Amino acid sequence: MIPPGNPGQILPASLPMRLLPILATTCLGSGVVLGIGHRLAGQLPPLTPDSSTTLLEWTKRLAPDPWLRREAALLLQARAEADPARQARLLQSQGWGTDGLAGVVLKHSALSAQALGRPQQAERLWTQLLRRFPGAPPSADALYALGQKRPSLHRQLLDRFAAHPAALAAARERGDASHLARWGARWPGAATLLRKTCAGNPSAAERDLMAGALAQLGDGQAAVSCLRDRPAGGSTALAIATAHLLGDRAQRERAEDQLLSLALRMPTSSVGQQAARILSEGSGDRNLARVRSLPAPLLAAAPAQARLALAAGEVGDLKPALAVLRRWPDDPASWDLQWQLARRESLGQRWSNSALLLAPERSRGLPAGLAARQRFWLALSEWQQGQHQSARRRWRDLLRDNPGGYYGWRSAVRLGQPSGRLLSTVADALPQTAWQPLESGEPMLDRLWRLDQRLEAWEGWRHRRDGQPPTDGQELLVEGRLRRGINDHWLGLGQLEQAQLRLSGSSCRQRQRLEQSLQEVPLAEVFRLAARSSGMPATLLAAVARQESRFNPGARSVAGAAGLMQLMPDTAAELAGEQLSWKALIDPQRNADLGGRYLAQLLKLWQGDPILAVASYNAGPGSVSRWISAGQPVPLDPPELWVEAIPYPETRLYVKKVLGNLRSFTADPRPLC
C-alpha cells in the first residue's frame, strides 16, 4: 500500500522475503480499516462550516478516513485566515491523491509559504500544482504566480482560464483591454484601461468590443466616444441604448430612437426582440408612438401588447389588459401591466376593478415576491368591498407562505398580530443564519462551499461559465450566494433580488435558500454597537444599510452620500457637531452611529411611525410633510395606499424595501421544507 502522503514511494528491492507476508497482511488490514472508516464517514453527518472547532480538530487528528481528515483540515484552514503559519501546519501532508481537493491544498500551501517569506518552497508547490492539476481552477493561481518571472505563462493563463480572477489580474497588469472587455469589464481598473485604450488606435473590432463593455458599465457616453462615429454591432448598440436610458431626457429620447431602429433592422433576432421589450417598458406619448411603429411580429408580441393595453387602461378601458393577462399570464410584461393598472385602480379606490385585475387565474407563474404583492392587494380589495372573511383567509395564507418582506409585515398588521410591530424588537436581535448547502448542480463546487472554500467555489463557478452572466433565476440564486460568500455584497444582493423576480414556480427549498441568503447581515457587531449608542434596533440600522449601500462601507452616491448608511456630508456634520473627513465618513462604526442617531430623530419627529421615518430618510422630512399636507393625514389611513401615493417612485420603492428588510430580519423563519 502507498501511504496517502507519499504518492511516489515504492518498496526497496532489498526487503527480506520473509517480511513480505507480514507487510501484505499489514497493508491488507490497513486497507480494511480505511475502507470501513470511509464507509462509516459516509454515514455520518458531513462536516460543514457550522461544525465545532473541537469536532474538526478531533477529526483532523483521529478520524480513520484520510479523506475526512483532509476535509477537517480545510475547514480549520479557512478559520485560520490571518495565521499563515497555522494554515501551513494544518495542510501539511494533505496534498495527496488525484482528487480536486489536493489542488486546493497545494494552492493554499503555496500561498502560506509566500506569506511566510519562503519563495523557493512556494515555487515548488506552484510547480507541483501546475504539473498535477493543469486544468483545475487553482492552477490559474499557479500560472499567475510563476508568470511573474516567466511572462509566457501569463499568456497561457489568459488562454486557459480566461474568466478566472487570476487571468483578469494578469490582463490588467499587461494592459490587455480587449481581454478585460470580453471577460471582466467590472474588474478593478478595467474601466480606466478601456477608456485609455479607446483613446489610442485600436482596430474597429476592438472598438466595438470595448464600447460594448463600457456601455455595460453604464457609461454610454464613453462607449459612443470609443466608436468614433463607427456603426456599432447589434449587441453593442443595444448596450449603449440601454445605458443612455439612465441619462437625462435628451439621452432617453435618443436611446428610444436607437431601440426602435434596432427592432426595425433586426426584428427576428434576439437583439431586436430585446430592444422591443426594453422600448415597451417606457412611458409617455412619444414612447407609445414608437411602440406602435414596431414591425408587425414585435408589435403582436406580449411586451408591445402590454404597453398598448396599459395606455388603454390609463383612460379607463381594461378590456385590452384583461386580454393580455389571459393570453400571456407567464410573461414579465403581463406581470408589470397587472400591477401598474391594479395600483392605479386601488389609488382611485375602484376596488372591484382592482380585484378583477388581481384575480388568481391571471397570476399564474408569478415569482414568490410578486405573488405576495398580488395576494396582499387582492385581499385588501376584497376587504374594502366588505368581503372580510375571504380577505383574512388570504392574508393568513400569505403570512404562512411568505412571513418576511413588506407584504408579510402588512398582512401581520392587517390580522392584528403582535409580530406586526416592527420596532418592538430587542436592539441586538439580528438574525442568525445557519450554513446552507449551495446546491449549484456542480458536485465539486458544492463540496468546496461545504468546506468553507468560498473563494475557490466562486473561481470555479466563473471558470465553468466563462464569466457569462446568469441567465435565469436559479443561476442568479447560486451566483448571488457565491458573491456574498466572498463579501461582494453589492453585486451579490443585487443578483439575489433579481432572483426573487425570476424564480417563478420555485420550490420551497429554493425560496428558503433565497430568503436565508438575503437575511445574512455582515458587520453585525457594527450595527449592534450603533444600536446601543442610538437607542435604535440593530435590525432597523441593518435594514437601512442594506438598501442604502448593500453593506458596502466605501459606497458613494452621485449626490455625494457616503458609507454604510449613505449620509450626506452636511447631515453627518450636523449630527457629529463637526465637519468630517472622507475617511471618517466611510468608517463603518462612525457612519452607522450617525445613521442611527438620524433615524432616532426622524422617529421622534413622526411619533414612532416607521413609514414616515423611513420615507424621510430617503426623501427628507420636508418632502414628507408636503405629501401629508397634500394627501393623507397622520395617522396614515390606510398606510398601504399612502405609500403607493408617494410621488417619487424611488422613495415609494425605498420604503417598501427597507421595511421589508426590517420585517425579514425580525420575522420568525419559515418552517423547514
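This text goes with the structure placed above it.
Figured I'd write up the structure that's included with this text. No experiment lies behind these values; they were computed from the predicted model shown. (Residues numbered from 1 in each chain as written. Predicted model: local features only at pLDDT ≥ 70, side-chain atom pairs only at ≥ 80, totals over all residues. Heavy atoms only, no water.)

### With respect to the state of the cysteines
- Scanning the model with the defined rule gives 1 disulfide in all.
- Cys198 shares a disulfide with Cys226; S-S distance 1.9 Å. Handedness of the Cys198-Cys226 disulfide follows from its S-S torsion of about -70 degrees: it is left-handed. With a gap of 28 residues between them, Cys198 in helix 11 (residues 190–198) and Cys226 in helix 13 (residues 220–227) connect regions that are remote in the sequence. You'll find Cys198 and Cys226 in the same group, each marked buried. (Disulfide = S-S within 2.5 Å. Helix = DSSP H or I, 4+ residues; strand = E, 2+ residues; numbered from the N terminus. Buried < 20%, exposed > 50% of the residue type's maximum accessible area, 1.4 Å probe, protein only.)

### Quick look at the packing of helix 26 (residues 443–450) against helix 27 (residues 454–465)
- Relative orientation of the contacting elements helix 26 and helix 27 amounts to 160 degrees, with a least axis distance of 7 Å. With respect to their mutual orientation, helix 26 and helix 27 come out roughly antiparallel. For the pair helix 26 and helix 27, the crossing hand works out as left-handed. Contact residues: Met444, Leu445, Leu448 and Trp449 in helix 26; Arg454, Glu456, Ala457, Gly460, Trp461 and Arg464 in helix 27.
- Taken together, the residues of the contact of helix 26 with helix 27 break down into 6 nonpolar, 1 polar and 3 charged. (Axes fitted to C-alpha atoms, helices over the stretch in contact; angles between N-to-C directions. Parallel < 35°, antiparallel > 145°, perpendicular 65-115°, else oblique. Left-handed = near helix turned anticlockwise from the far one by under 90°. Contact = heavy atoms within 4.5 Å. Nonpolar A, V, L, I, M, F, W, Y, C, P; charged D, E, K, R; others polar.)

### What about the packing of aromatic side chains?
- For the coordinates displayed, the defined rule picks out 12 aromatic pairs.
- Judged by centre distance (5.4 Å) and plane angle (50 degrees), the rings of Tyr598 and Tyr617 are tilted. In this pair, Tyr598 is assigned in helix 35 (residues 588–605) and Tyr617 in helix 36 (residues 610–619), connecting sequence segments 19 residues apart. The same class applies to Tyr598 and to Tyr617, which are both buried.
- For the pair Trp627 and Tyr648, a centre-to-centre distance of 5.1 Å together with 90 degrees between the ring planes defines the contact as edge-to-face. Note that Trp627 is positioned in helix 37 (residues 621–630) and Tyr648 in the loop between helix 38 (639–644) and helix 39 (649–666), a separation of 21 residues in sequence.
- Here the aromatic residues Trp339, Phe376, Trp377, Trp383, Trp395, Tyr406, Tyr407 and Trp409 are joined through ring pairs into a cluster of three or more.
- Its end group placed over the ring of Trp96, Arg70 keeps NZ or CZ at 4.0 Å from the ring centre. (Phe/Tyr/Trp six-rings, centres within 6.5 Å; stacked < 30°, edge-to-face > 60°. Lys NZ or Arg CZ within 6 Å of the ring centre and 35° of its normal.)

On their own, these measurements won't tell you what the molecule is for.
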